[in-house]
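# Fold and contact review
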Amino acid sequence: MSVLPLVFTSGWASGINAYAVVLLLGVFGATGLTDDVPASLQRTDVLVVAGVLFLCEAVADKIPYVDSVWDAAHTVIRPVSGAVVGALLAGQSGSLSDLAAGAVGGSTALLSHFVKAGTRMAINTSPEPFSNIVMSTAEDLGVGGLVTFALFYPEVAAVIAGVLLLLGLVILLFLAHRIRRFLRRRAQRREEKRLAGAGLAPPPG
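These numbers were taken from a predicted model, which means no experiment stands behind them.

### Structural notes on the confidence of the model for the protein chain
Taken residue by residue, the protein chain gives an average pLDDT of 88. The fraction at 70 or more is 92%. Within the protein chain, no element has a lower average pLDDT than helix 8 (residues 176-197), which sits at 74, and none a higher one than helix 2 (residues 44-60), at 96.

Next up, the structure:
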């Protein structure tokens, strides 16, 4: 499948910012910069909704702890978006190749989503907000740059996406301790709120 490299790259990018992928592909297709984008992604209503949600994500993604809540809510949305975009890029005939492209896009999006969400959990163990802003900005620029590059050099972009995905998974393993600490702190805060609501004193320590 000649479209598979683009599907893989768009899947990686969807796991990080699905709305940016839909918006970019739709704009590039609507302006005639590429013929690889299906008409369904170029519709005005799709572009407007993607643009609004992209702005919402741009804000939520830069606020400590809010970004992790946003990531949790998108655990299903991002892989589904990656699968749908992948299937649309391959065609809309419902053939086996379309389904395979959807599976590649969805599974790649799921892996990159886990990398993004896990990395943010680790970053949120730090009290300062600047690392969230820097990381979010870098992710947005990376998604925009690589998706644009993939439309003209899909094979090279797919290799870059694959390297970034592998590197992200390795980093995630090294950050596992900080992620566990983040989850413990979040569970403790929920327990303290529950006890406070019930009028009970929080447990010591």
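### Brief notes about the environment of Ser 40
Relative to the assigned elements, Ser 40 resides in the loop between helix 1 (4-30) and helix 2. What makes Ser 40 partly exposed here is its relative accessible area of 23%. Between the alpha carbons of Ser 40 and Gly 29 there is a distance of 10.0 Å; along the sequence they are 11 residues apart.

### Remarks on the packing of aromatic side chains
Taken as a whole and judged by the stated rule, the model has 1 aromatic pair. Here Phe 149 and Tyr 153 contribute two aromatic rings whose centre-to-centre distance is 5.1 Å and whose plane-to-plane angle is 35 degrees, an arrangement assigned as tilted.

### Considerations on the pattern of salt bridges
A side chain of one charge can pair with a side chain of the opposite charge when the charged atoms of the two come close. For the structure on display, the rule yields 9 salt bridges. Between Asp 61 and Lys 116 there is a salt bridge, with its nearest N and O atoms 3.0 Å apart. Placement of the pair is Asp 61 in the loop between helix 2 and helix 3 (66-73) and Lys 116 in helix 5 (residues 96-123), with a sequence separation of 55 residues. Each member of the pair, Asp 61 as well as Lys 116, carries the same accessibility label: buried. Between Asp 71 and Arg 78 there is a salt bridge, and its shortest N-O distance comes to 2.9 Å.

### What about the side chain of Asn 124?
If you trace the backbone, Asn 124 turns up in the loop between helix 5 and helix 6 (130-152). Given a relative accessible area of 1%, Asn 124 falls into the buried group. Within the local environment of Asn 124, its side chain forms a polar contact with the side chain of Asp 67, the two groups lying 3.0 Å apart. Here Asn 124 is in contact with Pro 64, Tyr 65, Asp 67, Ser 68, Asn 132, Phe 182 and Arg 185, once residues within four sequence places are set aside.

### Some remarks on unusual backbone geometry
Even without glycine at this site, Tyr 65 takes up a positive phi of about 75 degrees. If you trace the backbone, Tyr 65 turns up in the loop between helix 2 and helix 3. According to the relative accessible area criterion, Tyr 65 is partly exposed, its value standing at 26%.

Conventions and cut-offs
- All chains use their own residue numbering, which begins from 1 and follows the written sequence.
- Local features in a predicted model are, by the rule used here, given only for residues with pLDDT of at least 70; side-chain atom pairs are given and counted only at 80 or more, and totals for whole chains, interfaces and linings are based on all residues.
- Where side-chain values are given, they derive from all heavy atoms of the structure, hydrogens and water being excluded.
- Each residue carries a pLDDT score, the predictor's own confidence in it, on a scale running from 0 to 100.
- By the criteria applied, helices consist of DSSP H or I runs no shorter than four residues and strands consist of E runs no shorter than two, each listed in order from the N terminus.
- Exposure is judged per residue with a 1.4 Å probe applied to protein chains only, and the accessible area is read against the type maximum: over 50% gives exposed, under 20% gives buried, and values in between give partly exposed.
- Only rings of Phe, Tyr and Trp enter the pairing, Trp through its six-membered ring, and a pair is recorded when the two centres are within 6.5 Å. The plane angle decides the type: under 30 degrees is stacked, over 60 is edge-to-face, the rest tilted.
- By definition here, a salt bridge exists when the distance from a side-chain nitrogen of Lys or Arg to a carboxyl oxygen of Asp or Glu is within 4 Å.
- What qualifies as a polar contact is a pair of N or O atoms within 3.5 Å, subject to a donor-acceptor requirement within protein and to the restriction that residues adjacent in sequence count only when both atoms come from side chains.
- Residue contacts are defined here by distance: any two heavy atoms, one from each residue, within 4.5 Å place the two residues in contact.

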